[in-house]
Amino acid sequence: QLQLVESGGGLVQPGGSLRLSCAASRFTLDYNPVGWFRQAPGKEREGVSCISRSGEYTYYTDSVKGRFTISRAKNTVYLQMNSLKPEDTAVYYCAADVAVRAFCSMSPGSYKYWGPGTQINVSS
């Protein structure tokens with residue numbers, strides 16, 4: 001059982017920046033691929049970014065490339081979000097892949113352990 005929690009969400013103006021953090025409350029994330037996902041009202045949950053267990057491989061959905069950066073440190077995975085747009089508004093979730101893959105998956109179905117989510121609202 002892996003307990004995750006996100007932090008860093010909130011209200012930001014278009015063009016602004018936020019950094020999200022994902023941490024495990026009891027078990028370490030250091031040996032698991034981790035993904036960031038988001039879900040806007042009325043839309044399907046989509047993969048935003050993921051990072052491999054080693055941190056060597058990272059992936060981004062096309063809409064955030066060049067603006068978002070995923071990284072990891074001890075027991076924590078970050079998502080730096082720059083140049084935010086109103087269409088980035090969503091609930092953002094982090095998830096751990098317990099299968100311990102060599103790379104990482106951008107598919108929500110590959111993950112079973114999720115944080116409760118944090119709201120990002122990009123608006124003037």
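Rules used in this analysis
Residues numbered from 1 in each chain as written. Predicted model: local features only at pLDDT ≥ 70, side-chain atom pairs only at ≥ 80, totals over all residues. Heavy atoms only, no water. Disulfide = S-S within 2.5 Å. Helix = DSSP H or I, 4+ residues; strand = E, 2+ residues; numbered from the N terminus. Buried < 20%, exposed > 50% of the residue type's maximum accessible area, 1.4 Å probe, protein only. Phe/Tyr/Trp six-rings, centres within 6.5 Å; stacked < 30°, edge-to-face > 60°. Lys NZ or Arg CZ within 6 Å of the ring centre and 35° of its normal. Patch = residues over 30% accessible without salt bridge, like charges linked within 9 Å, V, L, I, M, F, W, Y side chains within 5 Å. Areas by Shrake-Rupley, 256 points an atom, 1.4 Å probe, with all protein chains shown as cover. Salt bridge = Lys/Arg side-chain N within 4 Å of Asp/Glu carboxyl O. Pairing = 2+ DSSP bridges. Axes fitted to C-alpha atoms, helices over the stretch in contact; angles between N-to-C directions.

A. Geometry of the state of the cysteines. For the coordinates displayed, the defined rule picks out two disulfides. The disulfide bridge from C22 ends at C94, spanning 2.0 Å between sulfur atoms. Linking C22 and C94, the disulfide has an S-S dihedral of approximately 65 degrees and is accordingly described as right-handed. Placement of the pair is C22 in strand β3 (residues 18–24) and C94 in strand β9 (residues 90–96), with a sequence separation of 72 residues. Of the two residues, C22 and C94, both sit in the buried class.

B. Up close: the packing of aromatic side chains. Tallied over the entire structure, the rule returns five aromatic pairs. Here the aromatic rings of F37 and W114 are separated by 4.9 Å at their centres, their planes lie at 55 degrees, and the arrangement is tilted. Of this pair, F37 sits in strand β4 (residues 34–39) while W114 sits in strand β10 (residues 113–114); the two residues are 77 residues apart in sequence, bridging distant segments of the chain. Put simply, the rings of F37, Y93, Y111 and W114 pair up and form one aromatic cluster. The positively charged end of R45 is found above the aromatic ring belonging to Y93, 4.1 Å away from the centroid. Just above the ring of W114 sits the side chain of R45; from NZ or CZ to the centre is 4.7 Å.

C. Spotlight on unusual backbone geometry. Even without glycine at this site, N75 takes up a positive phi of about 60 degrees. With respect to the secondary-structure elements, N75 resides in the loop between β7 (68–73) and β8 (76–81). Phi is positive for S83, close to 50 degrees, though the residue is something other than glycine. Take S83: it is sitting in the loop between β8 and β9.

D. Structural detail: a nonpolar patch on the surface. Taken together, the side chains of Y57, Y59 and F103 define a hydrophobic patch exposed on the protein surface, amounting to about 270 Å² of accessible area. When its relative accessible area of 31% is taken as the criterion, Y57 is described as partly exposed.

E. Representation of the sheet that holds β3. Pairing in this open sheet of four strands is antiparallel, and the strands run β1-β3-β8-β7 from one edge to the other. The open sheet terminates on both sides in strands that have one partner only, identified here as β1 (4–7) and β7. The mean angle between the axes of side-by-side strands here comes to 15 degrees, regardless of whether they run parallel or antiparallel. Pairing between β3 and β8: six bridges, direction antiparallel. Looking at β8, one finds that L20 is bridged to L79.

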